[in-house]
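# Residue-level structure breakdown
Listed below are the residues making up each chain.
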Amino acid sequence: MSYHGPAGVEGTTVRVHLSGRWEPVDGRFHWGGRIEPEPRVALLLRSGRRDVEVRIADRVRAARLAEVDPWGGVRITGVGDPPWPPPVADPTAPELTEE
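Bear in mind the structure is a predicted one, so any value in this text is a computation, not a measurement. (Residues numbered from 1 in each chain as written. Predicted model: local features only at pLDDT ≥ 70, side-chain atom pairs only at ≥ 80, totals over all residues. Heavy atoms only, no water.)

## A look at the packing of aromatic side chains
The full count for this structure, using the stated rule, is 1 aromatic pair. With centroids separated by 6.4 Å and ring planes inclined at 85°, the aromatic side chains of W31 and W84 adopt a geometry described as edge-to-face. In this pair, W31 is assigned in strand β3 (residues 28-35) and W84 in the segment after β6 (74-79), connecting sequence segments 53 residues apart. Residue W31 is classed as buried on the basis of its relative accessible area of 3%. (Phe/Tyr/Trp six-rings, centres within 6.5 Å; stacked < 30°, edge-to-face > 60°. Helix = DSSP H or I, 4+ residues; strand = E, 2+ residues; numbered from the N terminus. Buried < 20%, exposed > 50% of the residue type's maximum accessible area, 1.4 Å probe, protein only.)

Have a look at this one:
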């Protein structure tokens with residue numbers, strides 16, 4: 001499960017590359033990835049701000065800024081329901097049936 005596209009981080013529009021996985025050790029969904037270089041987000045992190053909200057469409061989730069990478073992007077992590085919408089089923093895909 002992953003998402004690549006626009007998002008909002010504390011009122012700043014950014015592009016994100018996120019993916020997630022179910023972690024059997026703690027029984028929770030962990031997601032994270034990278035925010036493409038955006039000076040305002042890097043400044044938030046460098047000023048000591050780590051806890052932020054991520055908005056994708058109408059979904060808002062708590063997240064944590066981790067570090068600025070060598071290219072100016074910012075790593076972001078979260079636990080729980082991901083901020084991206086669930087995938088939409090393809091109406092042209094054949095239905096699976098049991099025989």
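Once the structure has been displayed, the description carries forward.
## Things to note about the pairing of strand β2 (residues 12-23)
Where strand β1 (residues 2-9) meets β2, 8 bridges bridge the pair, whose relative direction is antiparallel. Within β2, the residue paired with Y3 across the bridge is L18. Where β1 folds back onto β2 in an antiparallel hairpin, the turn is made up of 2 residues, including E10, whose phi is positive at roughly 50°. (Pairing = 2+ DSSP bridges.)

## Let's talk about the environment of S2
Summarising the element assignment, S2 is placed in strand β1. Taking C-alpha positions, S2 is 9.4 Å from P87, a pair spaced 85 residues apart along the chain. Among all residues touching S2, those that are not within four sequence positions of it are L18, S19 and W84. (Contact = heavy atoms within 4.5 Å.)

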